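Listed below are the residues making up each chain.
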Amino acid sequence: PERNRTTCATQGKMSSNLKTTPVDKRFPTMNQANHCWNRYNEYVMCLKKTDGDEDACKPMRQLALSICPDDWTGKWDEERDEGTFAGVKYPSA
């Protein structure tokens, strides 16, 4: 029991510093792949609307990075560079 309280306290401290994307009612299931895809494309749409202003779109990128696996966002960034990304079309910076 003592160990569990310590673990919970430690986890509580860590989780207060972590930020993740808010719950999105459009994606109610446990599988968050669609939520990830949508967040990444919202980031790319932000870049498109702001003529590639990375600073203005940083919050959107953070939301995508917080829910998507690193491998996926890395792959999608590369695909944008190559012009083969299947989502929103906007060249990578």
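Residues numbered from 1 in each chain as written. Predicted model: local features only at pLDDT ≥ 70, side-chain atom pairs only at ≥ 80, totals over all residues. Heavy atoms only, no water.

## Things to note about the state of the cysteines
Inspection of the entire model under this criterion finds two disulfides. The partner cysteine of Cys36 in its disulfide is Cys68, sulfur to sulfur 2.1 Å. Around the S-S axis, the bridge from Cys36 to Cys68 shows a dihedral of about 120 degrees and counts as right-handed. Linking Cys36 in helix α2 (residues 33-49) with Cys68 in the loop between α3 (54-67) and α4 (70-82), this pair joins segments that are 32 residues apart in sequence. For the pair Cys36 and Cys68, a shared accessibility class is recorded, and that class is buried. A sulfur-sulfur distance of 2.1 Å marks the disulfide that ties Cys46 to Cys57. Looking down the S-S bond of the Cys46 and Cys57 bridge, the torsion is -90 degrees, so its handedness is left-handed. (Disulfide = S-S within 2.5 Å. Helix = DSSP H or I, 4+ residues; strand = E, 2+ residues; numbered from the N terminus. Buried < 20%, exposed > 50% of the residue type's maximum accessible area, 1.4 Å probe, protein only.)

## Examining the nonpolar core
Residues Cys36, Tyr40, Tyr43, Val44, Cys46, Leu47, Cys57, Ala64, Cys68, Trp76, Phe85 and Val88 constitute the largest nonpolar core, which totals 12 residues. Contributing elements (two or more residues each) for this core: α2 and α3. For this core, the element with the highest residue contribution is α2, accounting for six residues. If sequence neighbours within four positions are ignored, Val44 has contacts with Arg80, Val88 and Tyr90. (Core = buried A, V, L, I, M, F, W, Y, C linked by side-chain atoms within 4.5 Å. Contact = heavy atoms within 4.5 Å.)

## A closer look at the confidence of the model for the chain
In the predicted model, the chain carries a mean pLDDT of 81, and 77% of its residues have values of at least 70. Per-element averaging of pLDDT across the chain places helix α1 (residues 2-17) at the bottom with 45 and α3 at the top with 95. Within the model, pLDDT remains below 50 along residues 1-15, and this stretch shows zero contacts once partners closer than five positions in the same chain are excluded. (pLDDT = per-residue confidence, 0-100.)

## Section: a negative patch on the surface
Together, Asp51, Asp53, Glu54 and Asp55 make up a region of like negative charge exposed at the surface. Within the secondary structure, Asp51 sits in the loop between α2 and α3. Judged by its relative accessible area of 68%, Asp51 is exposed. (Patch = residues over 30% accessible without salt bridge, like charges linked within 9 Å, V, L, I, M, F, W, Y side chains within 5 Å. Areas by Shrake-Rupley, 256 points an atom, 1.4 Å probe, with all protein chains shown as cover. Salt bridge = Lys/Arg side-chain N within 4 Å of Asp/Glu carboxyl O. Lys, Arg positive; Asp, Glu negative; His and termini not counted. Charge placed at Lys NZ, Arg CZ, Asp CG, Glu CD.)

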